[in-house]
Amino acid sequence: MTSSPTFIPSTTASSPDPAASPDPAAPRPARPDPAAARFDRRRWLVLLVLLPGQAMAALDASAVNVAIPDMGRSLHASGSALQLIVSGYTLAYAVLLVTGARLGDDLGYRRTYVAGLAAFTLASAACAVAPVTGVLIAARVLQGTAAALMVPQVLSVLQREFVGPERARALGLYAAVLSGGVAAGQVLGGALVSADLFGSGWRLVFAVNLPIGVVLMIAAPRILPVDGPRVRERLDLLGVALLSGGLAALVLPLVLGHDEGWPAWTIPTLAACPVLVGAFAAHALRLRSRGGQPVLDVVLLADPGLRAGLVGVLLTMGCWASTLFALTLFLQIGLGYSPIGSGLTFVAAAVGFALASLQWGRLPARTHRWIPTAGRLLAVPAYLGVGLLARAGWSDPGAVPVMFILGVALGCGFSPSIGQIAARVAPRDAGAASGLVATTTQIGFVVGVATFGSLYLSRAPRGAGEALFTISAAAAVVLLAAAAAAARAVTARAVTARPSTGTAGTAGTAGPGPDPARRP
């Protein structure tokens, strides 16, 4: 017997048929319930608990970069040790996000979020008091692991708690924090290191997490929705090992390869990535057919629109990461800006990104599904503008409008895409979708820095301005591909399959998915 397809849920309520005659026996619409209004307010309180945790994870991914010189002087750390301080966090974070999402599905989102938050706060304290480099590296790996446990639960809870226009606004805030937080980390890290309160120097970058983490740990059990009863599935340890190994085989060479001079081990390690990921996919399908629960249900990726949406996110975040990396080097090394001075350059982009993420829904509803495509196309001239400014020697007054437009363009390209991806999966797969989005975002950052960063560093000795122009032109080309992926994401017919275990399910098709963030 073939299993019935699972239809893709819409985030908008269906409107009544104006031509239908009213049924006299039908009950009258109920008046608004004050308790429901109070519950709505409680949902927004949920955001106040979840988004600061997301922000801490995003800030710590970038704030440390501007503190690296101070760390090197304080701890007498080698260049490779400093690289591990930065990359240890990124590696653990990117590799374990899918596993963190799976644990949230199995153990409960609130329980898993609080556990990750507590571990992240403790790891931040260990970083702040680390006496030697080795302790700091280990604490950074623990920080990344805790972030991978905490962050996927944010999108999972938002997808389950919010619907319709409220979900669009919540996802806009999520997107603004996710990517805007990385840019804000540049500013915050520079400000904290420059402040040097009580002679703390770089340690304040980590210590600032402690009061925030304690407040959130007190508030989270009181505000986050209670985890319902769950069927405890045995964790797919073989799947975790294969998928984590495949991601590590991709991330580790890209993170360490350039600074180590691309040693011989990087090529076979990169080659192992598709082998391990392919082995994981085969294992996941086999386990699913036997009634088990893989760490990631790869059947979700049968939807071409979902795949295209993830590719668009990957390319867009790769370009954004390359901008943060290359432009920071250009300003600090090429032009001699201070850490806080270079960080302030990104304020206009962060503001534009946040505004676009929060306000795109005010545009006419018929345009909503095409906003991700239009945003990425708008980013193309903005990137070329950044490159031309660098080639001309840079101008802070001229950079403000260009960076603002770039932020608006990327915000329009990224934020609605999250809603479109989330709307293509059933609510019970919210955790898997969250893990996929978060992992794709982090892989995009790693790949963007590794590829464009290496290109910039190889060309910078011949002229930093010309090198940044090359990077900007390359990013403009990549964003054209991202725009094509965004268009594919909204035109592809959704392949739906019942994600229950025990049967493989039959694939079917639904029409092009409804605009997931359309506001009535």
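Worth saying up front: this structure is predicted, and the values here are computed from it rather than measured.

Looking only at helices and strands, the protein has 16 helices and two strands in total. When each of the 520 residues of the protein is scored for burial, the buried share is 54%. The contacts in the protein between residues at least 6 apart in sequence include a share of 81% that link residues at least 24 apart.

Per the stated rule, a full pass over the model turns up six aromatic pairs. For the pair Trp202 and Phe206, a centre-to-centre distance of 6.1 Å together with 85° between the ring planes defines the contact as edge-to-face. Across the pair, Phe206 and Trp202 agree in class, each one buried. Ring plane angle 45° and centroid distance 6.2 Å describe the contact between Phe353 and Phe414, whose orientation is recorded as tilted. One end of the pair, Phe353, is in helix α12 (residues 347–359); the other, Phe414, is in helix α14 (residues 396–422), with 61 residues separating them in the sequence. Across the pair, Phe414 and Phe353 agree in class, each one buried. Grouping aromatic residues by their ring pairs yields a cluster made of Trp320, Phe353 and Phe414. When the ring centre of Phe469 is taken as reference, the NZ or CZ atom of Arg391 above it lies at 3.8 Å.

Right, let's get into the nonpolar core. Core analysis: the biggest nonpolar cluster contains 110 residues, and Tyr113, Phe330, Tyr383, Trp394 and Tyr456 have the highest contact counts within it. Counting residues per element, this core draws most heavily on helix α10 (residues 304–334), at 13 residues. If near-sequence neighbours (up to four positions away) are discounted, Tyr456 is found in contact with Ala326, Leu329, Phe330, Ala464, Ala467, Leu468 and Ile471.

It is worth spelling out the pattern of salt bridges at this point. Pairing between side chains of opposite charge can happen when the charged atoms of each approach one another. Counting across every chain of the model gives seven salt bridges. Two residues, Arg43 and Glu166, come together in a salt bridge whose shortest N-O distance is 2.5 Å. Linking Arg43 in helix α1 (residues 34–75) with Glu166 in helix α5 (residues 164–195), this pair joins segments that are 123 residues apart in sequence. Taking relative accessible area as the criterion, Arg43 reaches 10% and is therefore assigned buried.

Topologically, Arg424 is positioned in the loop between α14 and α15 (430–459). Judged by relative accessible area, which is 10%, Arg424 ranks as buried. A distance of 3.0 Å separates a polar atom in the side chain of Arg424 from the backbone oxygen of Ala489.

This part covers the confidence of the model for the protein. This prediction gives the protein a mean pLDDT of 81; 85% of its residues lie at or above 70. A low-confidence stretch, residues 1–39 stays under pLDDT 50, and its non-local contacts, those more than four residues away or across chains, total 33 contacts. The low-confidence segment residues 497–520 (pLDDT under 50) makes 76 contacts with residues lying over four places distant or belonging to another chain.

The subject of this paragraph is the packing of helix α8 (residues 237–256) against helix α9 (residues 266–289). When two helices pack together, you describe them by how their axes are tilted relative to each other and by the distance separating the axes. Remark: α8 packs on α9, axes separated minimally by 8 Å, with the N-to-C direction vectors making an angle of 155°. Here α8 lies roughly antiparallel to α9, going by the angle between them. Handedness of the α8/α9 crossing: left-handed. Residues Leu238, Gly239, Leu242, Leu243, Gly245, Gly246, Ala249, Leu250, Pro253 and Leu254 of α8 form the contact with α9, whose participating residues are Thr266, Thr269, Leu270, Ala272, Cys273, Leu276, Val277, Ala279, Phe280 and His283. Its residues placed into classes, the contact of α8 with α9 shows 14 nonpolar, six polar and no charged.

A surface patch of nonpolar side chains, amounting to about 540 Å² of accessible area, comprises Leu344, Val347, Val351, Leu355, Leu378, Phe404 and Ile405. Where the nonpolar patch is concerned, the elements lending two or more residues are α12 and α14. By residue number, the principal contributor to the nonpolar patch is α12, which donates three residues. Take Leu344: it is sitting in helix α11 (residues 339–344).

Take the environment of Gly278 next. By secondary structure assignment, the location of Gly278 is in helix α9. Along the backbone, Gly278 and Leu243 are 35 residues apart, and their C-alpha atoms lie at a distance of 9.1 Å.

Moving on: helix α3 (residues 109–129). The end-to-end C-alpha separation of α3 is 30 Å, in line with the 30 Å expected for 21 residues at 1.5 Å each. Within α3, burial applies to Tyr109, Thr112, Tyr113, Gly116, Leu117, Phe120, Thr121, Ala123, Ser124, Cys127 and Ala128.

The next subject is α14. With 27 residues, α14 should cover 39 Å at 1.5 Å per step; its first-to-last C-alpha distance of 38 Å lies within 8% of that length. With respect to burial, α14 is a largely interior element, 19 of its 27 residues being buried.

Now for unusual backbone geometry. One non-glycine residue, His76, lies in positive phi territory at about 55°. Within the secondary structure, His76 is located in the loop between α1 and α2 (79–107). A relative accessible area of 72% places His76 in the exposed class. One non-glycine residue, Trp394, adopts positive backbone phi at about 80°. By the secondary structure assignment, Trp394 is in the loop between α13 (371–391) and α14.

Here is what the cut-offs are and how they apply
Residues numbered from 1 in each chain as written. Predicted model: local features only at pLDDT ≥ 70, side-chain atom pairs only at ≥ 80, totals over all residues. Heavy atoms only, no water. Helix = DSSP H or I, 4+ residues; strand = E, 2+ residues; numbered from the N terminus. Buried < 20%, exposed > 50% of the residue type's maximum accessible area, 1.4 Å probe, protein only. Contact = heavy atoms within 4.5 Å. Phe/Tyr/Trp six-rings, centres within 6.5 Å; stacked < 30°, edge-to-face > 60°. Lys NZ or Arg CZ within 6 Å of the ring centre and 35° of its normal. Core = buried A, V, L, I, M, F, W, Y, C linked by side-chain atoms within 4.5 Å. Salt bridge = Lys/Arg side-chain N within 4 Å of Asp/Glu carboxyl O. Polar contact = N/O pair within 3.5 Å; in protein donor to acceptor, adjacent residues only side chain to side chain. pLDDT = per-residue confidence, 0-100. Axes fitted to C-alpha atoms, helices over the stretch in contact; angles between N-to-C directions. Parallel < 35°, antiparallel > 145°, perpendicular 65-115°, else oblique. Left-handed = near helix turned anticlockwise from the far one by under 90°. Nonpolar A, V, L, I, M, F, W, Y, C, P; charged D, E, K, R; others polar. Patch = residues over 30% accessible without salt bridge, like charges linked within 9 Å, V, L, I, M, F, W, Y side chains within 5 Å. Areas by Shrake-Rupley, 256 points an atom, 1.4 Å probe, with all protein chains shown as cover. Expected span 1.5 Å × (residues − 1).

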